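Descriptive structure summary
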Amino acid sequence: MNVYVNGSFTPIEEASVPVTDRGFLFGDGIYEVIRSVEGRFFRTEAHLKRMREGLRALSIPFGDEELAQLPDYGRKLLEMNGHSTGEATLYIQITRGAAWPRTHSYPDTEPTCFFYTNSFEPYRKLHREGIKAITLPDLRWSRCNLKTVNLLPNAMARQQAVEAGTNSAVMIRDGQITESPNANIFAVMDGELYTYPLCSYILDGITRQLVLEIAEEFSIPLNTVPVQQEQLHQVEELFFSGTTTDIQPVVEIDGRPVGTGKPGPVTRKIQKAHRKALNQQSGN
């Protein structure tokens, strides 16, 4: 498999970045994962916009023109790796770059840009049957709106879920449901959608944005209001949304069924509309 590193395409076995790269030393960088269907990227501009916002927030000097070129490199990489048919993902990571001596303040250095592609098979069985989850305290930092490579708290939460014999976790901050370790969360109560409001505690997910559009299209009442932990017993349906998660129903939390214990009608409607959009709108 080939990867892209700082303007060059190279076999992954030969690719390298310096050990002084701040992504390695500090987690000083951002990333994106973009879905591809038949060689066409899905919602490219939304991903680039979020990258641009992250780069500016971290003061990483990566220009808009450079950013705009990345999808072209991504398409070339898809072709080189044989991922231009079927479904695939493109992973893009930009760090502040390599600098020495190691210092906490930002050095004047050239960013490191790295990406790779993978073939992708949607989790259809999980989408049909739903998943089990546990509740965990949301111990991540308070800038979750930035899609940085600092993912250790997320990985720890996911590992706790796996060790508990479940697929993922519903994370709780100040008594309110925020996100899963790698996806946004939507709940259904009295036939209405609820999701945590945009702020620094959650990511402005690209799939989350699409769910909001679908809700408006189908006149599904939407509330950007936090669901309280004590309201979990009232939740009729709950699902995760994400670029590789798609629309993933949660049918059990902490050993108790969510609603009927099966994916509900609102989730099913949104799943169908999401899949249609993914197939029809992939482009750029």
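Note that the structure is a prediction, hence the values are computed from the model and not measured. (Residues numbered from 1 in each chain as written. Predicted model: local features only at pLDDT ≥ 70, side-chain atom pairs only at ≥ 80, totals over all residues. Heavy atoms only, no water.)

**Focus: the overall build of the protein**
Applied cut-off: Think of it this way: any DSSP run of H or I at least four residues long counts as a helix, any run of E at least two long counts as a strand, and we number them from the N terminus. Within these notes, the globule rule equals 2.2 Å times the number of residues to the 0.38 power, and the radius of gyration is based on C-alpha atoms. Residues are treated as being in contact if the distance between any of their heavy atoms lies within 4.5 Å. To be clear on the numbers: accessible area is Shrake-Rupley with a 1.4 Å probe, and residue cover counts the displayed protein chains and nothing else.
Helix and strand counts for the protein come out as 7 helices and 16 strands. Here the C-alpha radius of gyration of the protein, 19 Å, is about what a compact globule of 284 residues would show, namely 19 Å. Once the C-alpha set of the protein is aligned to its principal axes, its extents read approximately 55 × 40 × 35 Å. By sequence separation, contacts in the protein at least 24 residues apart represent 73% of the contacts at least 6 residues apart. Within the structure as shown, the protein displays about 13,700 Å² of accessible surface, and the carbon and sulfur contribution to it stands at 50%.

**Some remarks on the environment of E14**
The line we're drawing: Think of it in three bands: residues with accessible area under 20% of the maximum for their type are buried, residues over 50% are exposed, and the middle band is partly exposed, with areas taken using a 1.4 Å probe on protein chains only.
You can see E14 is positioned in the loop between β2 (8–11) and α1 (22–26). For E14, a relative accessible area of 61% gives the class exposed. Along the primary structure E14 and N2 are separated by 12 residues, whereas in three dimensions their C-alpha atoms are 9.2 Å apart.

**A look at the pattern of salt bridges**
So the rule is basically this: Whenever Lys or Arg places a side-chain nitrogen within 4 Å of a carboxyl oxygen from Asp or Glu, that contact is recorded as a salt bridge.
Per the stated rule, a full pass over the model turns up 16 salt bridges. When the shortest N-O distance is used, the salt bridge between R56 and D64 registers 3.2 Å. The class of R56 is exposed, set by a relative accessible area of 57%. Given the relative accessible area of 41%, D64 is considered partly exposed. Residue E179 is joined to R140 by a salt bridge in which the shortest nitrogen-to-oxygen separation is 2.9 Å. Remark: R140 occurs in the loop between β7 (131–137) and α5 (152–163) and E179 occurs in strand β10 (residues 179–180); sequence separation between them is 39 residues. R140 shares its class with E179; the two are buried.

**Some details on a negative patch on the surface**
Rules: Nonpolar side chains (Val, Leu, Ile, Met, Phe, Trp, Tyr) within 5 Å and like charges within 9 Å form the patches, drawn only from residues with over 30% relative accessible area and no salt bridge. Charged residues are defined narrowly, with Lys and Arg counted positive, Asp and Glu counted negative, and His plus the chain ends left uncounted. We put the charge of a Lys on NZ, of an Arg on CZ, of an Asp on CG and of a Glu on CD.
Together, E65, E66, D108 and E110 make up a region of like negative charge exposed at the surface. Position of E65 relative to the elements: it lies in helix α3 (residues 64–80). Residue E65 is classed as exposed on the basis of its relative accessible area of 69%.

**Describing the packing of aromatic side chains**
Cut-off, in case you're wondering: Aromatic pairing here means that ring centres of Phe, Tyr or Trp (its six-membered ring) are within 6.5 Å. Orientation follows from the plane angle: under 30 degrees is stacked, over 60 is edge-to-face, and everything else is tilted.
This structure, assessed with the given rule, holds 10 aromatic pairs. The interplanar angle of 70 degrees and the centroid separation of 5.3 Å between the aromatic rings of Y4 and F9 together place this pair among those described as edge-to-face. Residue classification places Y4 among the buried positions, given a relative accessible area of 5%. Residues F9 and Y73 carry aromatic rings whose centres are separated by 6.4 Å and whose planes lie at 70 degrees to one another, so their mutual orientation is edge-to-face. Note that F9 is positioned in strand β2 and Y73 in helix α3, a separation of 64 residues in sequence. We classify F9 as partly exposed; its relative accessible area is 24%.

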